[in-house]
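Survey of secondary and tertiary structure
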Amino acid sequence: GTAPLSYQWRLNGVNIAGATASSYTRNNVQPTYTGDYSVVVTNAYGKATSSNAALLVIVPPTITSQPQSQTVKLGSNATFSVAVNGTAPFAYQWKFNGADVAGANSSSYVVANAQTNHAGPYAVTISNLAGSVSSSNALLTVELPRPLRFDAIRLLPDLRVRLQLSGEPQGHYALDASPDFQSWTTLTNFLNAPGVFEFIDGPATNEARRIYRARTVNP
């Protein structure tokens, strides 16, 4: 148009102070600079407003909450998660012992039915269009269940015997007794769950000794 021309740049329809040249530069862009930019050009005969030019400031991912180490029982589930700031969308890749875990591409990862070979360091790499960041390692420890054991064997006043067992392995067990480690008699069967199991054996007045054992049996 006919000179002289004056310019006023705007962000989201609001004038930007000092932005009165034919071009406008944003230095050291920040997320708050995201928006629609336009310019109004004026001369003595009128004005014209440009179309909007959108600026999107993509912020690289930063981790705000790291995956945490944990200890689980054999066969339990372990869940690792991470929280990030930055510009979505994010891409996630979980790693175990430094190797990619196939299909582990979300902000959390579940190790289902954890076994001893699942124990070790887990980490995740998060990326977007502006860059990537890797988490610290989170260590998974898989504990084996405490074996079934006798905690107490007590002789009661009436000469019966109170037996107390505890342990974490679940399954079917038999409680046996023997006078000589050779001939065993099954006293009871029980389904073990984590906790304490008690049994009272009748008096064995005709035996010099009485030996007890617990053993697994088929369901």
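What comes next concerns the included structure. Just so you know, the residues in each chain are numbered from 1, in the order the chain's sequence is written. Owing to the predicted nature of the model, reporting of local features is limited to residues with pLDDT of at least 70; listing and counting of side-chain atom pairs is limited to 80 or more, with chain, interface and lining totals taken over all residues. Note: side-chain values were computed over all heavy atoms of the structure, leaving out hydrogens and water.

1. What to know about the sheet that holds strand β20 (residues 195-201)
- Strand pairing is assigned whenever DSSP identifies at least 2 bridges connecting the two strands. Helical segments are the DSSP runs of H or I of at least four residues, strand segments are the runs of E of at least two, and each set is numbered from the N terminus. As summarised here, the arrangement of the 3 strands in space is β16-β17-β20, forming an open sheet in which the pairing is antiparallel. Strand pairing shows two members of the sheet lacking a second neighbour, β16 (149-155) and β20, which therefore form its edges. The sheet shows a mean angle of 20° between the axes of neighbouring strands, taken without regard to direction.
- One ladder, built from 6 bridges, connects β16 with strand β17 (residues 161-167); its direction is antiparallel. When the bridges of β17 are listed, I153 appears paired with L163. Angles shown run from 0 to 180 degrees and are taken between the N-to-C directions of axes, each axis being a line fitted to C-alpha atoms and, for helices, limited to the stretch in contact.

2. Describing the pattern of salt bridges
- By convention in these notes, a salt bridge is any Lys or Arg side-chain nitrogen within 4 Å of a carboxyl oxygen on Asp or Glu. Using the criterion set out here, one finds 10 salt bridges in the structure.
- For R160, the salt bridge goes to D158, with nearest N and O atoms at 2.7 Å.
- Exposure is judged per residue with a 1.4 Å probe applied to protein chains only, and the accessible area is read against the type maximum: over 50% gives exposed, under 20% gives buried, and values in between give partly exposed. For D158, a relative accessible area of 40% gives the class partly exposed.
- Between D176 and R215 there is a salt bridge, with its nearest N and O atoms 2.4 Å apart. In this pair, D176 is assigned in strand β18 (residues 171-178) and R215 in strand β21 (residues 211-216), connecting sequence segments 39 residues apart.
- Via salt bridges that share partners, K73, E143, R146 and E168 belong to a single interconnected network.

3. Let's talk about the pairing of strand β13 (residues 120-128)
- Most of β13 sits out of view: 7 of its 9 residues are buried.
- Sheet topology places strand β10 (residues 91-96) next to β13; 6 bridges connect them, and they run antiparallel. Each bridged residue has a counterpart across the sheet, and for W94 the counterpart in β13 is V124.
- Pairing of β13 with strand β15 (residues 138-143), which is carried by 3 bridges, proceeds in the antiparallel orientation. Residue G120 lies in a different strand from β15, and its bridge partner there is L140.
- Pairing between β13 and strand β14 (residues 131-134): 4 bridges, direction antiparallel. Following the sheet pairing, N128 is matched in β14 by G131.
- Connecting β13 to the antiparallel partner β14 that follows it, the hairpin turn spans 2 residues.

4. What about unusual backbone geometry?
- Look at the link from A3 to P4: it is a cis peptide, with omega at 0°.
- Tracing the sequence through the fold places P4 in the segment before β1 (6-11).
- In this structure, N113 takes a positive phi of about 50° despite not being glycine.
- The class for N113 is partly exposed, based on a relative accessible area of 42%.

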